[in-house]
Amino acid sequence: MIAPFALLSRIWHFYRDGFRQMTWGRTLWVIILIKLFVIFVVLRLFFFRPALAGMDEQQKGEAVGTALTR
Amino acid sequence: MNLLTILDPATIDWSRAQFALTACYHWLFVPLTLGLALIMGIMETIYYIKRDDFWKRTAQFWMKLFGINFAIGVATGLILEFEFGTNWSNYSWFVGDIFGAPLAIEGIVAFFMEATFIAVMFFGWNKVSRGFHLASTWLTGIGATLSAWWILVANAWMQHPVGMEFNPETVRNEMVDFLAVAFSPTAVVKFFHTVSCGWMTGAVFVVGVSCWFLLKQRNRQLALASVKVASITGLVATLIVMFTGDQSGISIAREQPMKLAAAEGLRQGGTQAPFSIVPGIEVPGMLSILATHDPNGYVPGIDNLLQGYTTPDGQTFPSAEDKMARGRKALAAFTDFRTNRLSDPARAAEARAELQANVDCFGYGYIQQPADLVPPVWLVYWSFRLMVGLGSLLMLILIAAWWLQHKGRLENARWMHYAALAAIPMVYVAGQAGWVVAEVGRQPWAIQDLLPLNAAVSQMSPTGVALTFFLFVVVFTALLAAEVTIMCKAIKNHQA
């Protein structure tokens, strides 16, 4: 039976060593991080504001109901 | 004022173009992930059984290509969810509860499953036991496949909505039967058809890359062994694609007959309906067999569906005008309900009952003329032929690759090497064509019979949507270029 702390330590070392020993994976991580930045910061903040953002559930229902019956 | 008169048609066109672009790019990455996951799982299983390091190195090579594809493709599907909220806000709210559950399950279970086991798969060689590593490799693939399941459940629901009730109070469809949504026959068939298409993509990719090695006279042992595994996997996948394609045809004939009629360019239907190979060349009775498994089965054409028809066994189906009249009743009742629900509960109850009686035609209330119910026939017709034609050609290429490898003649068959390389773009075109049939073929519906695109779209400026469309073209093309460059480099530099 492994103690919880020892288990967490092993998991931590597993990931740390894995990332340290990466070769071609480093390039991929750079691409992933740039992509996530573009998706979640550039696109999400500046271009994709949900049309019903800021409304509560009832207001959203009202807004869509009005749009569908207009 | 009518919703349709205040919407700029360009908003719908740009929004659908943007969604189509995003979905098409996303589908460049997904099938290879699904296919390579299966093939590397099989290869590592052989390593586990034989304890031969050659199979470990072979599995590791394909895992590297899997990793490149996974890294570039991951999260591209999230943009579709952004588009739902921004460009298709009416739709998003209207389906919320039905879409929310499958997508939440997909996000939580499958994503974390992939994220956990993919780390063990890449970092765990020589650190965890062989059995645990093998399990992690398979669980990575199973996680990706489960993701596909929930996404396809959501898509299948749009094609054939089941297991829900429309609540006019909240203006949402609410799930009343989770199992009916999660395991609807449409979802099951769509899942196996789509996933087996992914397996076929992976197999064709592995055969193609291996044949490139043979063409360059490099990594001979890896190439021959990979062709053996991939060609058999690809042929099994092709058989599943064909079987589920047949089941899909039956399902479409029953639930989306307009899509089938458009895919065949069939204006006037009937019994012993012919299957069109290309315009002017038909196989008599074949469409009836494909659509109903009966040579005398009745298949309605586009005109029959618009004008209404009666099958030989006496079943009568309403015309488009009849459905539009019921749709307008449903819409009027919905408006009436919303107007009176607080001030006059009795009248609201009557309106609600009227709405429920016609809710199956709700979306027809937004249709202006029957011709709007016909999807672009030429696009669906030719996409279907492209999908089936290329699929058949790919099957022949896989059979030839397996046969030549089996007979020990693959190494010197240069024509086969070129054919296998050409098969890589072909399998992608076939997959994309399949999605065009599925999605363009169901136009004008966002949700079949319940919500057309002109009601589903958000009211926004077309300029903004056009801007993000071109932004996506740039972002996705850059990602694709990165994928192809890194992938080619990894293949070129590989020395087994």
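These numbers were taken from a predicted model, which means no experiment stands behind them.

**Student:** Explain the overall build of chain A residue by residue, including any values.
**Tutor:** Broken down by element type, chain A carries three helices and zero strands. Each helix and strand of chain A, ordered N terminal to C terminal, gives the series α-α-α. Here the C-alpha coordinates of chain A stretch approximately 60 × 35 × 15 Å along the principal axes. Looking at chain A as a whole, 24% of its 70 residues are labelled buried. A total accessible area of about 4900 Å² is found for chain A, and carbon and sulfur atoms account for 68% of it.

**Student:** Tell me about the overall build of chain B, residues and numbers included.
**Tutor:** Helices and strands together make up the secondary structure of chain B, namely 18 helices and 10 strands. Expressed as lengths along the three principal axes of its C-alpha atoms, the size of chain B is roughly 75 × 50 × 40 Å. For chain B, the residues scored as buried account for 56% of the 496 residues in total. Counting only contacts in chain B whose residues sit at least 6 apart along the sequence, the fraction spanning at least 24 positions is 77%. Counting every atom, chain B has about 20400 Å² of accessible surface; 65% of that belongs to carbon and sulfur. Distance from the positive charge centre (32 side chains) to the negative charge centre (33 side chains) of chain B: 16 Å.

**Student:** Explain the pairing of strand E2 (residues 172-175) of chain B to me, and be specific about the residues and the numbers.
**Tutor:** All names here are of chain B. Where strand E1 (residues 164-167) and E2 come together, four bridges link them in antiparallel fashion. Within the sheet, the bridge partner assigned to Asn167 lies in E2 and is Arg172. Here E1 hands over to E2 after four residues, with Val171 in that stretch at a positive phi of 60°.

**Student:** Run through the environment of B:Ala330, naming residues and quoting values.
**Tutor:** All names here are of chain B. Here Ala330 lies in helix H13 (residues 320-340). Along the primary structure Ala330 and Ser210 are separated by 120 residues, whereas in three dimensions their C-alpha atoms are 59 Å apart. Filtering out sequence-adjacent residues up to four positions away, Ala330 remains in contact with Leu355, Asn358 and Phe362.

**Student:** Lay out the pairing of strand E4 (residues 275-278) of chain B in plain terms, naming residues and giving numbers.
**Tutor:** Residues and elements named next belong to chain B. Where E4 meets strand E5 (residues 281-283), three bridges bridge the pair, whose relative direction is antiparallel. Bridge assignment links Val278 to a residue of E5, and that residue is Ile281. With antiparallel pairing between neighbouring strands as the criterion, E4 and E5 make up a hairpin whose turn holds two residues, including Gly280 at a positive phi of roughly 100°.

**Student:** Talk me through empty space enclosed by the protein; I want residue IDs and the actual numbers.
**Tutor:** Residue and element names in this part refer to chain B. Inspection of the entire model under this criterion finds one cavity of 30 Å³ or more. Quantified by volume, the largest cavity comes out at close to 30 Å³. Around the largest cavity, the lining residues are Val204, Val207, Gly208, Leu394, Ile397, Leu398, Ala420 and Ala423. If you list the elements that add at least two residues to the lining of the largest cavity, you get helix H8 (185-215), helix H15 (377-406) and helix H16 (414-440). Each residue belonging to the lining of the largest cavity can be placed in one class, and the counts come to seven nonpolar, one polar and no charged.

**Student:** Break down the interface of chain B and chain A for me, citing the residues and quoting the values.
**Tutor:** On the chain A side, the residues contacting the 54 residues of chain B number 36 residues. Between chain B and chain A lies a buried interface of about 3500 Å² when both sides are counted; carbon and sulfur atoms form 75% of it. A per-residue breakdown of the area chain B buries against chain A is headed by B:Phe82, B:Trp93 and B:Phe123, which together make up 20% of the total. Summed over the shared surface of chain B and chain A, the result is three salt bridges. Taken together, the links from chain B to chain A amount to eight residue pairs in polar contact (both at pLDDT 80 or more). Elements with a minimum of two residues in the side of chain B that touches chain A: helix H1 (3-6), helix H3 (53-73), helix H4 (78-87), helix H5 (89-123), H13 and helix H18 (462-492) of chain B. Top element by residues in the side of chain B that touches chain A is H5(B). It accounts for 10 residues.

Conventions we followed
Position numbers for residues count from 1 along each chain, tracking the sequence in the order it is written. Key to labels: chains lettered from A, ligands numbered from 1, both in the order written. Side-chain atom pairs in this predicted model are given and counted only at pLDDT of 80 or more, local residue features only at pLDDT of at least 70, and totals for whole chains, interfaces and linings cover all residues. Heavy atoms throughout the structure, all of them, feed into the side-chain values; hydrogens and water do not. Put simply, DSSP marks the helices as runs of H or I at least four residues long and the strands as runs of E at least two long, and each gets a number from the N terminus on. Three labels apply to residues, based on accessible area from a 1.4 Å probe with only protein chains included: buried if under 20% of the type maximum, exposed if over 50%, partly exposed otherwise in between. Each accessible area value is a Shrake-Rupley result obtained with a 1.4 Å probe; residue values ignore everything except the protein chains displayed when judging cover. Any two residues whose heavy atoms approach within 4.5 Å at even a single point are treated as in contact. Charge assignment: positive for Lys and Arg, negative for Asp and Glu; neither His nor the chain ends contribute. Note that the charge is assigned to NZ on lysines, CZ on arginines, CG on aspartates and CD on glutamates. If DSSP finds at least two bridges between two strands, the strands pair. In this analysis a 1.4 Å probe is tested at points of a 1 Å grid over the protein atoms alone, and where it fits but cannot get out there is a cavity; an open set with protein on both sides within 12 Å along at least five of seven lines is a pocket; lining residues have an atom within 4 Å of a point. Grid points are joined across faces, edges and corners, and a volume is the space filled by probe spheres set on the points. Residue type decides the class: Asp, Glu, Lys and Arg count as charged, Ala, Val, Leu, Ile, Met, Phe, Trp, Tyr, Cys and Pro as nonpolar, and the leftover types, Gly among them, as polar. Buried surface area refers to the total accessible area, computed with a probe of radius 1.4 Å, that the two partners give up upon joining, counted for both partners together. By salt bridge we mean one thing: a side-chain nitrogen of Lys or Arg within 4 Å of a carboxyl oxygen of Asp or Glu. Here a polar contact is recorded for every N or O atom pair within 3.5 Å, except that within protein the pair must consist of a potential hydrogen donor and a potential acceptor, and residues adjacent in sequence are included only if both atoms are side-chain atoms.

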